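Coordinates in review
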Amino acid sequence: MFEVRNRCKDSAARTGILTTAHGTVKTPVFMPVGTGGTVKGVMQRDLKHEVNAGIILGNTYHLYLRPGTEIIMKAGGLHRFMNWDRAILTDSGGYQVFSLSENRKLSDMGAHFKSHIDGSLHTFTPESVIDIQRIIGADIIMALDECTPYPCDYEYAVRSMELTHRWLTRAVNHFANTEPAYGHEQVLFPIVQGSVYKDLRKQSAEYIASAGMPGNAIGGLSVGEPAEIMYEMIGLVNEILPEEKPRYLMGVGTPVNILEAIDLGIDMFDCVMPTRNGRNGMLFTAEGVINIKNRKWADDYSPLDVNSSSEVSRTYSKAYLRHLIISGELLGAQIASIHNLAFYLWLVAEAGRHIEKGDFKNWKTEMVRSLARRI
RNA sequence: GGGGAGAUACCAAAGUGGCCAACUGGGGCAGACUGUAAAUCUGCUGUCGAAUGACUUCGUAGGUUCGAAUCCUGCUCUCCCCA
């Protein structure tokens, strides 16, 4: 499943090879988010050839509500349904426990949701979420967890973490007692919680590691806490999560967040930022962040990024993209999404090359300074 | 030629004596966005000021009034109907 290739001498950063039933990817890796069976605004063809994505996300909650498991099952799974033959990871709906907190209730049994689409009531249990993800057919599936909000008082964080751990035990058992629906292998990742409390994070990391799954995830971060606290939590969790298995930091983050987390030993990332912020006019580049809606780009006919591996970034101009985004044109959202994703994929690949070369630390320091600029 | 309606900020459009520097929408400018309830949301948008506030505005010139975008008179312009 995972093989570490190169280790950094002066940091926890490493490169590796992640093998799935739908291809192998080099780590560190960024996984574009395709919640509802689509990376918003980007065709599968472009995900492959412009963005160079080897693995993308789907979301159990969204796909379960629409189109529903029956349609996906009849299609032969999500890969065939959405015409994507590379790897897929599905989130369990744990994040929706957080983001739809107004419309859900938790019990020991599971999470009770009110659909954001039609208000209907649904229950997710650790077991049902495994069943749904078996039908979706993702290569990597996630255990149901509670993503705690920030701030979160200690008492709540303890109870929440214990709930996530109890749910994990049930998920692991149910996973072991069920079969993939389409013949290809699926693996289950558990999720570390514990909010911003060191003792809870350590306790949770130990529990999650003890589940013995082929990869481990860290959740409940980048939910509003200061970045320094997030890094601190990642650092101490990664000392406990096994070194020989991939570590997935869920939902993170900014380009700077990602480089810092790679430094701390994270291998996998996902985030809506490149696509959502792209649709809203924010472009990521190696020189810093661009708000393409700003007037100053109105007559800047230079390419979005001359050095990009993506033809989209090399050919479309800033002035044209500004015009499209400001006009609300769909093509603007597409170009910005492709550009940002290509940049994110380039960034993590470049980090990997510097880990191999042995100069990751210095490169990272320079790059973080550059990335944080607003231009 | 006769009759009628109307001129409000970048645009459109409310407001018909004080609660009006003036509703609302658009446009413009800026900000936010981290396992996607997001092609979304927020703020500003007469001038000066960080702000209390001060100053100048509702076609134009006068007038009435303690007080006018709002009432009266002249002028200019626009639109509609009839000939």
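The text that follows walks through the structure, step by step, so that each part is easy to find. Bear in mind that the values here come from a model prediction, so they are computed numbers and not experimental data.

Things to note about the packing of helix H7 (residues 154–176) against helix H8 (residues 198–210)
- Packing of H7 against H8 brings their axes to within 11 Å, and their N-to-C directions diverge by 5°. The angle between the axes of H7 and H8 places the two elements in the roughly parallel class. Two secondary-structure elements touch here, H7 through Tyr154, Ala157, Val158, Met161, His165, Leu168 and Thr169 and H8 through Asp199, Leu200, Gln203, Ser204, Tyr207 and Ile208.
- Split by residue class, the contact of H7 with H8 holds eight nonpolar, four polar and one charged.

Regarding the sheet that holds strand E2 (residues 14–20)
- Spatially, E1-E2-E3 is the arrangement adopted by the three strands of the open sheet, whose pairing is antiparallel. Since the sheet does not close on itself, it has two edges, and those belong to strand E1 (2–7) and strand E3 (23–27), each with one partner. In this sheet, neighbouring strand axes are inclined to one another by 15° on average, regardless of whether the strands run parallel or antiparallel.
- In the sheet, E2 pairs with E3 via five bridges, with the strands oriented antiparallel. The residue of E3 that forms the bridge with Gly16 is Thr27.

Observations regarding helix H1 (residues 44–51)
- What H1 keeps buried is the set Gln44, Asp46, Leu47, Glu50 and Val51. For H1, the angular spread of buried residues about the axis comes to 170°, placing them on one side. Opposite the packed face of H1, turned more than 90 degrees from it, sit the exposed residues Arg45 and His49.

Describing the protein's contact with RNA strand B
- Among the 43 residues in the neighbourhood of RNA strand B, the closest are listed as Ser99, Cys147, Met250, Val272 and Leu330.
- Per the 4 Å cut-off to the protein, sugar and phosphate atoms form 50% of the nearby atoms of RNA strand B.
- Within the side chain of Arg276, one N or O atom sits 2.7 Å away from a base nitrogen of RNA strand B.
- With respect to RNA strand B, the side chain of Arg295 contributes an N or O atom lying 2.8 Å from a phosphate oxygen.
- Elements that contribute at least two residues to the surface near RNA strand B include exactly strand E5 (55–59), helix H5 (94–99), strand E15 (268–271), helix H11 (273–279) and helix H13 (318–326).
- Among the elements that line the surface near RNA strand B, the one with the most residues is H11, at five residues.
- The residue makeup of the surface near RNA strand B, split by class, is 14 nonpolar, 19 polar and ten charged.

Topic: the environment of Asp91
- Residue placement: Asp91 occurs in strand E6 (residues 87–91).
- The buried category is assigned to Asp91, whose relative accessible area is 8%.
- The sequence separation of Asp91 and Ala333 amounts to 242 residues, and the corresponding C-alpha distance is 24 Å.
- Apart from the residues within four sequence positions on either side, Asp91 is in contact with Gly58, Asn59, Thr60, Gln96, Gln133, Met142 and Met250.

Quick notes on helix H10 (residues 255–263)
- Taken across its nine residues, H10 has nine buried, putting it largely inside the fold.
- Listed in full, the buried residues belonging to H10 are Pro255, Val256, Asn257, Ile258, Leu259, Glu260, Ala261, Ile262 and Asp263.
- At the exit of H10 stands Gly265, carrying a positive phi of roughly 100°.

Some details on the pattern of salt bridges
- Under the defined criterion, the tally for this structure stands at 15 salt bridges.
- The partner of Asp263 in a salt bridge is Lys361, with the nearest N and O atoms 2.7 Å apart. Here Asp263 is found in helix H10, whereas its partner Lys361 is found in helix H15 (residues 360–371), with 98 residues between them in sequence.
- On the basis of relative accessibility, which here comes to 7%, the residue Asp263 falls in the buried class.
- Residues joined in a network through salt bridges with shared partners are Arg7, Arg14, Glu243 and Asp267.

About the cut-offs
Residues numbered from 1 in each chain as written. Chains lettered and ligands numbered in written order. Predicted model: local features only at pLDDT ≥ 70, side-chain atom pairs only at ≥ 80, totals over all residues. Heavy atoms only, no water. Axes fitted to C-alpha atoms, helices over the stretch in contact; angles between N-to-C directions. Helix = DSSP H or I, 4+ residues; strand = E, 2+ residues; numbered from the N terminus. Parallel < 35°, antiparallel > 145°, perpendicular 65-115°, else oblique. Contact = heavy atoms within 4.5 Å. Nonpolar A, V, L, I, M, F, W, Y, C, P; charged D, E, K, R; others polar. Pairing = 2+ DSSP bridges. Buried < 20%, exposed > 50% of the residue type's maximum accessible area, 1.4 Å probe, protein only. Arc of directions from axis to C-beta. Near = heavy atom within 4 Å. Polar contact = N/O pair within 3.5 Å; in protein donor to acceptor, adjacent residues only side chain to side chain. Salt bridge = Lys/Arg side-chain N within 4 Å of Asp/Glu carboxyl O.

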